[in-house]
Structure formats: structure tokens, C-alpha cells
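# Overview (structure and organization)
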Amino acid sequence: MASYVLTSQADGSESAVPAGKRIPFGWKALSIGKGPEEAVRLRFATHPKPTGKAWLRVSIALDLREEVVVEALNAATGKRLGLFDIRFASVLQPHQSELTAAQVDEAGRDGVELRLVRGSAPVWIFSEVPVEAPLLAPHILYEEEKTSLPMERLQDTMASLSSVQAFGWLEGCVLDGLLDLEQAFGGGRFREAAEAHLRLFFDEKGELHYENPRSEPVDGKVYGIEGTLPFATLAQLKPEHPAIEHALTFWLSERQEDGAILDGSMLSGEGSYTIAYPMAILARQYGRSDLASLSLRQLEVRRERLVIGEDLYLRHHANGTRSFCNWSRAYAWYMLGLARTLRELKGWEGLGDSEHSRIQELERELARVSDVAISRQQPNGLWCVYVNEPVTGPETSGSSAIATALAIGVKLGVLGDRAAAAAKRTRDALDDFLTADGVLGGVSQNNKSGEELQRDGYRILSQMGTGLATQLYAALFAQ
């Protein structure tokens, strides 16, 4: 069991949000700069007395494009309590610094002062958020007796606003996890949580309000191929929603002569999950075989350009080069997109013989890439950041997605017992990476900094990763 000790007061300088940027949802945020005049000071609502481990946490409110270090000090004495190592963080990403019992006592008694000790610009954190999102407020988390199972902790965090992510691929992983939980366990609370998430982005008139990955407002439009994944959930919950047209317009406007939908001039593996899958959902919802055919084409063209022998790349560039070879999340998006799209379209009577033949060919591809992935699974049940390079260390989000694809493939009858056993090994391994409040750790940072950061062992807490772990738990339910 975990307890949150929230702040009763958060103060800082009256800094203006940088031009062209926006704090999401209209929530309150403060900037942490260098020196006492630019510090953020936190006071806590109660004086915690933990008997187990404890952590001080803050969550990022504006996109970061550098590595920074934030120091936590006793607000009265200036004594250091901890450090936050924050690298290329995305909005709504929580970060934590472990505290001893004595440090928790100091923080509760004297408060905490946060100062930037490395970085070129202030770091923005949320200072006040809705009560339904305690993870995202500054707080101290401490463990009490572990009376709940890991899956129970994960479900509780997912079924709240604490699990919200930036609109696009990050939030899409969470929304898919919520609908998967609802289908597996019922009860209504996961569907209600998904609807609450969507209300943060869509107003009463159905207009879309959000920021792109650089914290720049992009209201009323799709920022890129990663931005269409949440429309899969929107179409399932609200099939008549007017904003669904944004996704359709974007896809058709970006379609190339060969049917490929690119990320600018680059073909990216993400599109298997962020384009093909939501497109398949919309095809079924609206009875559009043309969308189903285009969805299959997204999978086919990625197989053609991203697979070289047993190697799988994330990106194929306009000059013919490829990058992120055998990255775990390249496997994740490629396989998860395959499995989820096939699950939507296999056996659909609205398709002709040609499409059913293409589906069978893609099923063979899912079986092929699954065999390669399983051969590279580590003994602990996880895959490494680069699946063929154990030195890069285990990575939980990609592992969750790969295993989810395996579990879905088993249910489709495409994969067999070997895949089922591999998926279950991953599920069991994830328990050790869940925090006391049900957030997945062991996730490699988003790839804004390229491959170097992926290889250096840096790991974060991630609601996106939590959503993928949830998808795995739900896919294996009753198996």
C-alpha cells in the first residue's frame, strides 16, 4: 500500500511561460531556476512518518530538450535532500528522488526548496492539479505494508487522471490499456476513466485542444502520424464525434502514391500502431472497406522497408538509410500494430478475397517476427533496449508491447504455446518494476535525444509504459 503526502503550498517566481508554449489543461505550474530567487518552495499538508521507502516526486509541465539536474534542499537549513536527474523529459512525466526516513521528517517539518543546478533554462513542474491526478502533483510517496497485488495497484492508477499523457502516441497507449481493462474485467470504471481523459482534450463542442511534443499549441488539427492513435479510442467510445474527421483528413492528405502514410519524408515503424490500427478501428466502425485496405497497406509497406533479414528498423529515411536497428520499441510498435490491426480486420465480412489474402500474408509476418523476438527474449522475461544487444539492459515498455502482441497473436490462432509462455514470462517480470502506487518503471526515455540516450542505461517512470503493461495483463486475462 502507498500513501501520497501532497503539498499544501507551492511557491515560486512569477515567470512567464515561454512564448509559443502552453501548460496543458490550464493546470497550474511553476518554473525551477538557479539560485534562491528562482527556486520553488514546497510545504506539505501533513507530516509523514513512513515505515518503509519514500520518494519525493515532481512532474514535468513543459517539454524538455536537454539534460538537467534539480536539487531538493531542506527549505530551512539548505541541507541537500536529494537530486532529480531529468533528461529530455516529456510533459506529464513524473520524476522521483528517494528519501530516507530522516529526510522525510525534515521535508515534512521544514518544507523543500527545489533549485536547478544543471541546465540552460528553467524546468517547469506542475504545482496544482485536480485531486483525481495525485501522481502529477508535487508529493511524497511512501510505502506502507504491501497488502495489494501489483495488478491491483496498476489498475487503480490507470483508472484515474494520474495516468494521463500528452495527446498522441503516449496517451493512446494509456487509452488502449483502459479499454482493454474494461473488456477484460468490466465494471465501468475503466471506460469512465477513458472518457475522463478524453474530456481533458475535447471541449463540449467536440473541438480538440492540446499541445504537440514541443509543448506548442496545435488545437484542432493532427500534428503528425503519432497523433492519430487516440482516435481509435474516441471512435469506439463516441463514434459520432466530429473530431474523428481530423484523423481521416490527415491520413488522406499524407497518403503517398504507393499508399504509404509517412512521417514527413520518413517511414516510421510507429505507423503500424498509430495509423494502421486506428484506421482499422474506423474501418469497422463505419463499414469502410477502403480504409481497411489502406490500413493493411500501412503494415505491408513497413514490412517492405523496415525489415532486413532478421533485423527490424524503426525508421526508413528519404535517402534510403535506416536507423534504430532492433530497438525494443521498434519491435513494440511494429508487432503491436500488426496484432491489433489483424484482430480488427480478420474475418470481417466487409472485405473481399484480396484483402483476406493480404491478411493471411500479414499473419505469416506476425508469426515470423514473433519467432525472431522470442529468440531474443532474455531469461528474466524482458527484452533489452536493443533486443540483440544485452549490454543495453532490460526495458519494460517495449517488452510489454512485444508480449502483448504475442498474447493477441495466440488468441487469434496465429501463434502457439511458445508465444503464450513468452508473454507470461514478461507479465511476471513486470511486477518487480511497478511502484508502490502502480506506475511502471524501467522504461527507456522517449527518443528525442537519439540513440545515445537509449544506450546509456537511463530509465524513467512512465504512464505510457504503464498503459502497455496494462494491455499485456488484459490480453493474458483468463489465458
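Residues numbered from 1 in each chain as written. Predicted model: local features only at pLDDT ≥ 70, side-chain atom pairs only at ≥ 80, totals over all residues. Heavy atoms only, no water.

The subject of this paragraph is the overall build of the protein chain. The helix and strand tally for the protein chain stands at 14 helices and 18 strands. Compactness check: the protein chain gives a C-alpha radius of gyration of 22 Å against a globular reference of 23 Å for 479 residues, within 12% of the reference. Referenced to the eigenvectors of the C-alpha coordinate spread, the extents of the protein chain come out at roughly 75 × 45 × 45 Å. Across the 479 residues of the protein chain, 61% fall into the buried class. When contacts within the protein chain are restricted to residue pairs at least 6 apart in sequence, those whose partners lie at least 24 apart make up 75%. Counting every atom, the protein chain has about 17900 Å² of accessible surface; 47% of that belongs to carbon and sulfur. Distance from the positive charge centre (50 side chains) to the negative charge centre (64 side chains) of the protein chain: 2 Å. (Helix = DSSP H or I, 4+ residues; strand = E, 2+ residues; numbered from the N terminus. Rg over C-alpha atoms; globule rule 2.2 N^0.38 Å. Buried < 20%, exposed > 50% of the residue type's maximum accessible area, 1.4 Å probe, protein only. Contact = heavy atoms within 4.5 Å. Areas by Shrake-Rupley, 256 points an atom, 1.4 Å probe, with all protein chains shown as cover. Lys, Arg positive; Asp, Glu negative; His and termini not counted. Charge placed at Lys NZ, Arg CZ, Asp CG, Glu CD.)

Attention now goes to the sheet that holds strand β1 (residues 2–11). The sheet built from eight strands is open, its strands ordered β6-β5-β8-β3-β1-β10-β4-β7 with antiparallel pairing. Two strands in the sheet have a free side with no partner beyond their single neighbour: β6 (80–87) and β7 (94–99). Across the sheet, the mean angle from the axis of one strand to that of its neighbour is 30°, orientation sign disregarded. By the bridge criterion, six bridges tie strand β5 (residues 67–74) to strand β8 (residues 112–118) in an arrangement that is antiparallel. In the sheet register, Glu71 faces β8, and the bridge partner there is Arg115. (Pairing = 2+ DSSP bridges. Axes fitted to C-alpha atoms, helices over the stretch in contact; angles between N-to-C directions.)

Moving on, we get to unusual backbone geometry. A positive phi angle, near 65°, is found at Ser215, a position not held by glycine. Along the chain, Ser215 falls in the loop between α4 (189–201) and α5 (230–237). Take Ser215: its relative accessible area is 2%, and that puts it in the buried class. Positive phi is not limited to glycine here, since Asn326 has a value of about 60°.

The next subject is the nonpolar core. Ranked by internal contacts, the top residues of the largest apolar core, which has 132 residues, are Trp251, Tyr331, Trp333, Met335 and Leu406. Residue contributions to this core peak at eleven residues, all from helix α9 (residues 328–345). Counting 28 residues, the second largest nonpolar core, distinct from the first, contains Val5, Leu56, Val70 and Val104. (Core = buried A, V, L, I, M, F, W, Y, C linked by side-chain atoms within 4.5 Å.)

At a closest axis distance of 7 Å, the pairing of helix α7 (residues 270–286) and α9 adopts a crossing angle of 10°. Of the possible angle classes, the one that applies to α7 and α9 is roughly parallel. Counting all contacts with α7, which are made through Glu270, Ser272, Tyr273, Ala276, Tyr277, Ala280, Ile281 and Arg284, the residues of α9 involved are Trp333, Tyr334, Leu336, Gly337, Arg340, Thr341, Glu344 and Leu345. Of the residues that constitute the contact of α7 with α9, the class distribution is nine nonpolar, three polar and four charged. (Parallel < 35°, antiparallel > 145°, perpendicular 65-115°, else oblique. Nonpolar A, V, L, I, M, F, W, Y, C, P; charged D, E, K, R; others polar.)

With that settled, the discussion passes to the packing of aromatic side chains. For the structure on display, the rule yields 13 aromatic pairs. The interplanar angle of 70° and the centroid separation of 5.6 Å between the aromatic rings of Trp169 and Trp333 together place this pair among those described as edge-to-face. Of this pair, Trp169 sits in helix α3 (residues 169–185) while Trp333 sits in helix α9, placing them 164 residues apart in sequence. Judged by relative accessible area, Trp169 falls into the buried class, the value being 14%. Linked through ring pairs, Phe25, Trp27, Phe126, Phe167, Phe201, Phe202, Tyr210, Tyr223 and Phe231 together constitute an aromatic cluster. Across from the ring centre of Tyr277, 5.2 Å away, lies the NZ or CZ of Arg340, which sits over that ring. One Lys or Arg, Arg455, reaches over the ring of Tyr386 and ends 3.9 Å from the middle of that ring. (Phe/Tyr/Trp six-rings, centres within 6.5 Å; stacked < 30°, edge-to-face > 60°. Lys NZ or Arg CZ within 6 Å of the ring centre and 35° of its normal.)

This brings us to α4. Taking 1.5 Å of rise per residue, 13 residues should cover 18 Å, and α4 covers 19 Å from first to last C-alpha, within 8% of that figure. Turning to α4, its buried residues are Phe190, Ala193, Ala194, Glu195, His197, Leu198 and Phe201. Those residues of α4 that are buried lie in contact with α2 (150–158), α3 and α5. (Expected span 1.5 Å × (residues − 1).)

The next thing to look at is the pattern of salt bridges. The full count for this structure, using the stated rule, is 30 salt bridges. One salt bridge connects Arg22 with Asp219, and the closest N-O pair in it is separated by 2.7 Å. Of the two residues, Arg22 is situated in the loop between β1 and β2 (28–32) and Asp219 in the loop between α4 and α5; the sequence distance between them amounts to 197 residues. The exposure class assigned to Arg22 is partly exposed, which follows from its relative accessible area of 26%. A salt bridge links Asp63 to Lys448, with the shortest nitrogen-to-oxygen separation between them at 2.5 Å. Here the residue Asp63 occupies a position in the loop between β4 (54–59) and β5, and Lys448 occupies one in the loop between β17 (440–443) and α13 (451–455), the gap between them amounting to 385 residues. (Salt bridge = Lys/Arg side-chain N within 4 Å of Asp/Glu carboxyl O.)

In the contact formed by helix α6 (residues 244–254) and α7, the axes pass within 12 Å of each other and the chain directions differ by 120°. In terms of orientation, α6 lies oblique with respect to α7. The handedness of the crossing between α6 and α7 is left-handed. Across from Ile244, Leu248 and Trp251 in α6, the residues of α7 making contact are Ile275, Pro278, Met279, Leu282 and Tyr286. Residue composition of the contact of α6 with α7, grouped by class: eight nonpolar, no polar and no charged. (Left-handed = near helix turned anticlockwise from the far one by under 90°.)

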